Amino acid sequence: MEALLGNIYFWIVIAYFAIVVGVSFLTRKVASRSVADYLVAGRNLGILLCSVVVAAEWLGGMSTIGVSEKAFQKLSFQPILYNVATSIGMIIIGFTVAKHYRKNNVHTVSEMLEHLFGIHAKRVSAIAFLIAYITLAYVQLQTATSVMSSIFQIDWVYAVIISAGVITLYTYIGGMHALAITSIVHLVVMFIGLGTAMVIGVVKIGGFAHLQELLAAKGAVGSIYNPFGVSFNEAFSLLLGGVLGGMAAQASIQPIFAARTPEIAKKAAILSSAYIAPFGVMTAILGLIAATGVFEIGASTPSFSAKVAMTNLLVNPQFIHPILGGLALAGILAAILSTVGPVNFAVVTIATKDIYHGFINPEADEQKILQIAHRLVIIVSLITIPMAYYFKAGVLDSAYVSYAIRAIGAIVIIAGIYFRGWIDVFTVKLAFIGGTIAVFLCIIASKLDWFHLDKTYGAVLFALAALVFGYIRRKFFIKE
C-alpha cells in the first residue's frame, strides 16, 4: 500500500515536471534569436502575463516552505507579513519606479543605476546584487529539495541534484520566454493544489477557533492570527525588508523590463499584488495545522526539520487523499519552480550583462553574450548545489540577507530618480559597500552576542546614513 501511495505522488510530480520542461522546449526557438529574447522575452509581455510572472517569482519557496516553516516554529501568523510586505512593495513599485525601469530599456537593476550615476555605480551594485541573488538562489533550491526529499524519501544530496537538474534544464532551454509561459501553469496549480489542502485541513481540524485552542495548548502566545503578537520587532523587519527588497529585486523586476510598454509595466506591477497577498495565508495555515500534532508528520524523529513539516503533512493519507496531496505537492513545486527559475536567471542576467558584458568584455557581440548566458545557467547550478547542501539555516532568515542588500538598492534608486540633488556616485558606492558589510556584521554580531540588530535594519540605516553623509560632503566640502 505504501509503495502504491508513493507511486501516486511520484507520477503526479513527474507529470508536472514533464509539462514544465515540455513548455520550455516550445519556447526554445524564439528564445534563441537574441539576447533580448532570451533575457527579457523580447520586451513583449502584456499586462496579464507580466503580472503573473512577477507574482509567480514572489510566490516561491519563501511563500511555501519558508512561511510554513516559520508558522510551525512561531505558532503564529507572523510569516504572512512576508507576502503582505511584498504585495505592498509591488504596488509602490508600480506607482514609482516601474515606468522608469521600462523606459530605459535596461536588462538589470545595475544598468538602471548606470543610467542614473554612471559605470562605477553599475559595477559596485552588480557585485552586491550578485551576492544577494546567489544567497537567494541556494535558499530557493533548498526549498525545492525539501519537497523532493519528502515525496521520494531520498537523501538530501540526491534531492538537491534532481531539483537543480530540472530547474537548470528548463531555464537553459527557454530563458525568460519559458519562465513566462510556465508561470501561468505554476500559478494555477499552486492556488488549486494548496487552496484545496488548506480547506480540507481547516475542516478536519475543526475550524479556526479550534486551531487556536490546539496551538494555545502547545504554547502559542495570544492570538495565533495576530502577525505582530510574537515579536513586533521581528514582524516589522519582515515588513520593511519585503517592501524595500522588491524595488531592486532583479528576479521579480526582470518581467517588468520585459513588459511591452512602460504603462503595462506599471499596471502589471500593481496587479501582481492581488495574487501575492493571499497566498501566504494558505501555507501559514498548513504550517500551523502541522504544528498541532493532530496528524503524524514525523516531528518526534531526530532527523525532523520544520522545513518539511508541510510536505510531510501532505504525504499523510490520514490528512488528505494521496491524489489531492499529490496535487498540493505539485502546487508547492509549482511555486518553488516559478521562483527558483527566475532567481537563478537573475544571477545569470546580472553576471552576463553587468559583470561579463559590463566590464570583462564590453565589445562582445550578441551571439557571444547569448553563449555566455547559456553557460552561466549551468555554472550557477554548480555553485548553488553545494551551498544548498551545506548551509541549512531557516529559509526566511537566510533569504532576508538578499532582501537587506536589495533594500540598499531600493533606497539608492528612489533617491536617484526623485531626489537627484542628494546623491552622487560616491554616495552610491558608500551605500552599497558599507551597507553590504553592515548586513554581514549584524549577522556575525548576533552570533557572537556582541549586539543584536536585525540585518535589514543594519542595511537600511547605513544606506540612509550614506545618503546624509554624501549630501553633506557634496554640499559643504566638494566644489562643483
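Residues numbered from 1 in each chain as written. Predicted model: local features only at pLDDT ≥ 70, side-chain atom pairs only at ≥ 80, totals over all residues. Heavy atoms only, no water.

Asker: Would you mind going over the overall build of the protein with me for this structure?
Answerer: Regarding its fold elements, the protein presents 20 helices and zero strands. Looking at the 480 residues of the protein, the share that counts as buried comes to 61%. Long-range contacts, defined as pairs at least 24 residues apart, comprise 84% of the intrachain contacts of the protein with a sequence gap of at least 6. Of the roughly 17,800 Å² of accessible surface on the protein, 68% is carried by carbon and sulfur atoms. (Helix = DSSP H or I, 4+ residues; strand = E, 2+ residues; numbered from the N terminus. Buried < 20%, exposed > 50% of the residue type's maximum accessible area, 1.4 Å probe, protein only. Contact = heavy atoms within 4.5 Å. Areas by Shrake-Rupley, 256 points an atom, 1.4 Å probe, with all protein chains shown as cover.)

Asker: Quick question: what am I supposed to make of unusual backbone geometry here?
Answerer: One can expect most non-glycine residues to show negative phi and most peptide bonds to be in trans. Even without a glycine there, the phi angle at Leu75 is positive, about 55°. Summarising the element assignment, Leu75 is placed in the loop between helix H5 (62-74) and helix H6 (80-95). Exposure remark for Leu75: the relative accessible area of 13% places this residue in the buried category. Residues other than glycine seldom take positive phi values, yet Asp449 does so here, at roughly 65°. Assignment of secondary structure puts Asp449 in the loop between helix H19 (425-447) and helix H20 (455-477).

Asker: Before we go on, may I ask you to explain H6 in this structure?
Answerer: In an α-helix, one full turn covers 3.6 residues, which means residues spaced three or four apart are oriented alike. In this model H6 runs 23 Å from its N-terminal to its C-terminal C-alpha over 16 residues, within 8% of the 22 Å that 1.5 Å per residue would give. Here H6 has its buried residues at Ile80, Leu81, Tyr82, Asn83, Ala85, Thr86, Ser87, Gly89, Met90, Ile93 and Gly94. (Expected span 1.5 Å × (residues − 1).)

Asker: Is there a simple way to explain the packing of aromatic side chains in this structure?
Answerer: One pair of aromatic rings is described through two measures. These are the centre distance and the angle between the planes. Counted according to the given criterion, the structure contains 10 aromatic pairs. Consider the rings of Phe77 and Tyr225, whose centres lie 5.3 Å apart with planes at 85°: the pair is edge-to-face. Of this pair, Phe77 sits in the loop between H5 and H6 while Tyr225 sits in the loop between helix H11 (208-217) and helix H12 (232-247); the two residues are 148 residues apart in sequence, bridging distant segments of the chain. Aromatic ring contacts, followed pair by pair, group Phe228, Phe232, Phe236 and Tyr457 into a single cluster. Seen from the ring of Tyr403, Arg406 lies directly overhead, with NZ or CZ sitting 4.3 Å from the centre. Lying over the aromatic face of Phe426, Arg473 brings its terminal NZ or CZ to 3.9 Å of the ring centre. (Phe/Tyr/Trp six-rings, centres within 6.5 Å; stacked < 30°, edge-to-face > 60°. Lys NZ or Arg CZ within 6 Å of the ring centre and 35° of its normal.)

Asker: Mind showing me how you'd approach the side chain of Thr311 here?
Answerer: Mapped onto the fold, Thr311 is located in helix H15 (residues 309-314). Classification of Thr311 by relative accessible area gives buried; the value is 0%. A polar contact is formed between the side chain of Thr311 and the backbone oxygen of Val308, at a distance of 3.1 Å. (Polar contact = N/O pair within 3.5 Å; in protein donor to acceptor, adjacent residues only side chain to side chain.)

Asker: Could you clarify how one ought to interpret the nonpolar core in this entry?
Answerer: Note on soluble globular proteins: their nonpolar side chains tend to be buried together. Counting 150 residues, the largest nonpolar core has Ile256, Leu314, Ile332, Val412 and Phe432 as the members making the most contacts within it. With five residues, the next largest nonpolar core counts Leu141, Trp156, Val160 and Ala164 among its residues. (Core = buried A, V, L, I, M, F, W, Y, C linked by side-chain atoms within 4.5 Å.)

Asker: When you look at the environment of Ser273 in this model, what are you seeing that I'm missing?
Answerer: Relative to the assigned elements, Ser273 resides in helix H14 (residues 262-291). Using a relative accessible area of 9% as the deciding quantity, one classes Ser273 as buried. Look past the residues within four positions of Ser273 in its chain and what remains in contact with it is Ser87 and Ile91. In terms of polar contacts, Ser273 uses its side chain to reach the backbone carbonyl oxygen of Ile270, at 2.6 Å.

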